[in-house]
Amino acid sequence: MKKLKYLIVTICIMLFAATPISAEMIVFSDITGHWAEDNIYYMADKGILNGYTDGTFLPDNQITRGEFVTILAKDAAKDGKIDLKQFNYPSQFKDVNSHWAKAAINWASSVKVVEGYENKTFKPNAKITREELATMLNRHISLVTKLPPKNQKDPFNDDKSISSWAKDAVYNMQISGVINGKENHMFAPKTSATRGETATMVARYLRIVNGDSNSSATAALYFNNTLVQSQLPMENKESITMVPYRLFFESLNCEVEFHQGTSLVTAFNHEKDVEMWLGKTIAYADGSERTLSAAPYISNGSTMVPLIDAGTAMGLSVVKRNWGSSDQAIVISMTPTMVDTKNDSFYGTSTGNSPSGEINMEKSPHFLGTATNGAMTYGGYKTNGNYLYFGTWANNQPDGLGRSINSLGELSVGTFKDGHFSKGITYFADGSVFNGEWYYNPNTSTVYPGKGTLTANGATYGSNNTNWSGGALAQSNW
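This structure is a prediction, so every number in the text was calculated from the model and none was measured.

### What to know about the environment of Pro 90
At step 1: Relative to the helices and strands, Pro 90 resides in the loop between α2 (65-77) and α3 (102-110).
At step 2: For the pair Pro 90 and Ala 103, spaced 13 residues apart in sequence, the C-alpha to C-alpha distance is 9.1 Å.
At step 3: What Pro 90 contacts, discounting residues up to four positions off in sequence, is Asn 97 and Asn 106.

### Thoughts on helix α5 (residues 164-175)
At step 1: Over its twelve residues, α5 runs 18 Å from end to end, which matches the ideal 16 Å to within 8%, given 1.5 Å per residue.
At step 2: By the burial criterion, the buried members of α5 are Ala 166, Ala 169, Val 170, Tyr 171, Met 173 and Gln 174.
At step 3: Next to the buried residues of α5 lie α4 (130-144).
At step 4: Looking one or two places after α5, you find Gly 177, whose phi comes out positive at around 85 degrees.

### Considerations on α2
At step 1: The first and last C-alpha atoms of α2 sit 18 Å apart over 13 residues, in line with the 18 Å expected at 1.5 Å per residue.
At step 2: Of all 13 residues making up α2, eleven are buried, and the element is well covered by its neighbours.
At step 3: Every buried residue belonging to α2 is among Arg 65, Gly 66, Phe 68, Val 69, Thr 70, Ile 71, Leu 72, Ala 73, Asp 75, Ala 76 and Ala 77, and all of these are buried.
At step 4: Along its buried surface, α2 packs onto α1 (37-45), α3, α4 and α6 (195-210).
At step 5: After α2 finishes, the residue Asp 79 shows a positive phi value of roughly 65 degrees.

### So, the sheet that holds strand β5 (residues 255-259)
Consider a sheet: its strands pair through backbone hydrogen bonds, and that pairing is either parallel or antiparallel.
At step 1: Spatially, β5-β6-β7-β8-β9 is the arrangement adopted by the five strands of the open sheet, whose pairing is antiparallel. Each having just a single partner strand, β5 and β9 (288-291) make up the two edges of the open sheet. Strand-to-strand twist in this sheet, taken as the mean axis angle between neighbours without regard to direction, amounts to 20 degrees.
At step 2: Pairing between strand β6 (residues 264-268) and strand β7 (residues 273-277): five bridges, direction antiparallel. Bridged to Leu 264 within β7 is Trp 277.

### Observations regarding the side chain of Arg 403
At step 1: Structurally, Arg 403 can be placed in strand β19 (residues 397-405).
At step 2: At 2.5 Å, the side chain of Arg 403 forms a polar contact with the side chain of Asp 273.
At step 3: Non-local contacts of Arg 403, meaning those with residues more than four positions away in its chain, are made with Asp 273, Glu 275, Asp 286, Gly 287, Tyr 378, Leu 388, Tyr 389, Phe 390, Leu 411, Ser 412, Val 413 and Phe 416.

### Observations regarding the packing of α2 against α3
At step 1: The interhelical angle for the contact between α2 and α3, taken along N-to-C directions, is 75 degrees, at an axis separation of 9 Å. Here α3 runs roughly perpendicular to α2, going by the angle between their axes. For the pair formed by α2 and α3, the contact residues are Val 69, Thr 70, Leu 72, Ala 73 and Ala 76 on the first element and Ala 104, Ile 105, Trp 107 and Ala 108 on the second.
At step 2: The class makeup of the residues in the contact of α2 with α3 is eight nonpolar, one polar and no charged.

### Details of the side chain of Arg 204
At step 1: Mapped onto the fold, Arg 204 is located in helix α6.
At step 2: Apart from residues lying up to four places away in sequence, Arg 204 is in contact with Gly 177, Val 178, Ile 179, Asn 180 and Ser 239.

### Let's talk about the nonpolar core
At step 1: Met 43, Phe 68, Met 136 and Leu 137 are the most contacted members of the largest nonpolar core, which totals 53 residues.
At step 2: In this structure, Met 136 is in contact with Arg 65, Phe 68, Val 69, Leu 72, Val 113, Val 114, Phe 122 and Ile 128, ignoring residues within four places of it in sequence.

### A few points about the confidence of the model for the protein chain
At step 1: Looking at the protein chain as a whole, the pLDDT averages 77, with 75% of positions reaching at least 70.
At step 2: When pLDDT is averaged over each element of the protein chain, strand β8 (residues 282-285) comes out on top at 95 and strand β1 (residues 10-15) at the bottom at 30.
At step 3: Low pLDDT (under 50) marks residues 322-329, which in the prediction has 26 contacts with non-local residues, meaning those over four places away or in another chain.
At step 4: Overall, residues 474-478 carries pLDDT values under 50, and its contacts beyond four positions in sequence, including any with other chains, amount to three contacts.

### Observations concerning the packing of aromatic side chains
At step 1: Counted according to the given criterion, the structure contains 19 aromatic pairs.
At step 2: Each ring, one from Phe 28 and one from Phe 57, has its centre 5.2 Å from the other, and the planes form 50 degrees; the classification is tilted. With Phe 28 in the loop between β1 and α1 and Phe 57 in the loop between α1 and α2, this pair connects stretches of sequence that are 29 residues apart.
At step 3: Seen from their ring centres, Phe 93 and Phe 122 are 5.5 Å apart, and the 40 degrees between their planes marks the pair as tilted. In this pair, Phe 93 is assigned in the loop between α2 and α3 and Phe 122 in the loop between α3 and α4, connecting sequence segments 29 residues apart.
At step 4: A residue is classified by how much of its surface remains accessible, and Phe 122, at 0% relative accessible area, is buried.
At step 5: Taken together, the ring pairs in this structure connect Tyr 389, Trp 393, Phe 416, Phe 421, Phe 428, Phe 434 and Trp 438 into an aromatic cluster.
At step 6: The ring of Tyr 171 carries the charged tip of Lys 153 above its face, separated from the ring centre by 4.5 Å.

### Section: the packing of α2 against α6
At step 1: Packing of α2 against α6 brings their axes to within 12 Å, and their N-to-C directions diverge by 25 degrees. Judged by the angle between their axes, α2 and α6 are roughly parallel. Considering how the two elements wind past one another, α2 and α6 form a crossing that is right-handed. Contacts between α2 and α6 pair Glu 67, Phe 68, Ile 71 and Asp 75 from the former with Arg 195, Thr 198, Val 202, Tyr 205 and Leu 206 from the latter.

### Focus on the pattern of salt bridges
At step 1: This structure, assessed with the given rule, holds ten salt bridges.
At step 2: Here Arg 139 ties to Glu 115 by a salt bridge, and the two come within 3.6 Å at their closest N and O atoms. On the criterion of sequence distance, the pair formed by Arg 139 in helix α4 and Glu 115 in the loop between α3 and α4 is long-range, its members being 24 residues apart.
At step 3: By relative accessible area, Glu 115 is classed as exposed at 57%.
At step 4: Residue Asp 273 is joined to Arg 403 by a salt bridge in which the shortest nitrogen-to-oxygen separation is 2.5 Å. Of this pair, Asp 273 sits in strand β7 while Arg 403 sits in strand β19, placing them 130 residues apart in sequence. Grouping residues by exposure puts Asp 273 and Arg 403 together as buried.
At step 5: One network of salt bridges, in which partners are shared, links Arg 130, Lys 182 and Glu 197.

Reading guide: rules and limits
- Residues numbered from 1 in each chain as written.
- Predicted model: local features only at pLDDT ≥ 70, side-chain atom pairs only at ≥ 80, totals over all residues.
- Heavy atoms only, no water.
- Helix = DSSP H or I, 4+ residues; strand = E, 2+ residues; numbered from the N terminus.
- Contact = heavy atoms within 4.5 Å.
- Expected span 1.5 Å × (residues − 1).
- Buried < 20%, exposed > 50% of the residue type's maximum accessible area, 1.4 Å probe, protein only.
- Pairing = 2+ DSSP bridges.
- Axes fitted to C-alpha atoms, helices over the stretch in contact; angles between N-to-C directions.
- Polar contact = N/O pair within 3.5 Å; in protein donor to acceptor, adjacent residues only side chain to side chain.
- Parallel < 35°, antiparallel > 145°, perpendicular 65-115°, else oblique.
- Nonpolar A, V, L, I, M, F, W, Y, C, P; charged D, E, K, R; others polar.
- Core = buried A, V, L, I, M, F, W, Y, C linked by side-chain atoms within 4.5 Å.
- pLDDT = per-residue confidence, 0-100.
- Phe/Tyr/Trp six-rings, centres within 6.5 Å; stacked < 30°, edge-to-face > 60°.
- Lys NZ or Arg CZ within 6 Å of the ring centre and 35° of its normal.
- Left-handed = near helix turned anticlockwise from the far one by under 90°.
- Salt bridge = Lys/Arg side-chain N within 4 Å of Asp/Glu carboxyl O.

Okay, here's the thing in C-alpha cells:
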C-alpha cells in the first residue's frame, strides 16, 4: 500500500488540465448520493437550473409549469441567442402577467413550445405532468436541432394511459435517448415530474447536442493539490460517471481485490469496506446494503464503477463539476485522519507491548485497523489463503457485526461469534443465497446453514424456522 500519512482532506480530479475550482462553485446541500446528482450539477453549472436560497435543490419535489418553461428559455437564451427581456410584454395568458416567469412563458408561447388552455390561462404554478414535459421538451428541441435516433421504439407498459396529443412526443424523446421511463417499463404520463427527473431529461438532451453523451476521458487525480495519478480513465455511461475501481480505491489508500469465482470486487482501508459485483446494482458499504446508480462492468480490461457511489460508500462527499465540454473537475472531501503505513507498525499510544491505536501489518497475513491494549477491536484481516474479514473483533478474533469473503469469493454479511459466522446473509458462488442462522461444528471447525431460507434459481426453500440439520435439509421439509 502507498504511504499516505495524512489521509485525504480534499481530492481534485480534473480532465485534461488542473483547472482551479471557482469560489462561486455551486454546491447543493441535499443531493449528495441522489441518483440525479450528476445531471443536476451538469445543468446547474451551465446556468440553466437553479436551487433555492437556503442552499437546497429539493430533487424529489415536483416541478411547476412555469419553472420548466424557464429552464427551456434559459437554454434558448444561452450564448446570447435571444434576449429574454424583449419578451417581458403583456401576456396573452390572463394568469401570467404578474408571474415571475412571464418573459419565459411569453417566449415559449411565441415559438409555439407552449399553447396554454382554452380559457386563456397557462397555470404557471401547476405541477407539470411527465407527458406535458415530454411534449414541451420535444417542441423545444425541434427548434434547436434534430436528434438522431438512438433506440428503437419500445412501447411503455402503460402506453394506453398516454394522451393521444402527447404520444408522438413521448416516443420521439424515447428513441432519441432523452426519456427512459420508470420502473417496470412504465412512463407514468399523468404523474407530476420531479426536479431530479427534469434535470436528467434535459441533461440527456444537452449531452447529446454537446457530443458528450457517452464520452470517455482521462483525468488527473490530485491529493491536496499533489498529483498522484496522471491518467485516471473516466467513462460516461448513460450520464453516470464511471471510474476504474482499482485505481480509484488504491488512491484512497485501500486494499482492493477481484474474486473471479463470483465477480465480486472489494475495497477496504483501516475503517471502511465496500463490496460490489460485476453486472449487479446491489452493493454493500460497511455491512449495509445499498443500490448503485449503475452496475459495474469491464471496459478495456478495467472494472468500472460509479464514481459518486464509490466515493459516498467510502464516506466521502463527492461533487462533480463541468466547465464546457473539454474540462471537468470532481471534488471529494472527507474528515482528515492519520494513518502510518510502515511495515508491521503501530500508530497510536503504546505502553510496553500493549499498543492502542491503528495497526498496519503489511506482510501476509495481515491486519489493518484499530487495537486497544494490544487486542484487535475493529478492522480487516487477510490470510495467505485469501480469506478476508472486516468488522468488529473480541479476544483477537471476529466477533460481532462483520463481513467475510472466502477463497471462492463468497460474501457473508452479518454477525460473527467466537471467530465464525453466526447469522446473516451469504452469497454463494453458484448464485444461490442463504439468509439465516449458521451451525458451527467444533470438531471440523466449519460452519453450515442452520436455520433459514435458501434462494436458488428463482425459488426460495425453507422458512425462518426451517432447521437445516447441520447443512443438509431434506426435500420433504421444504
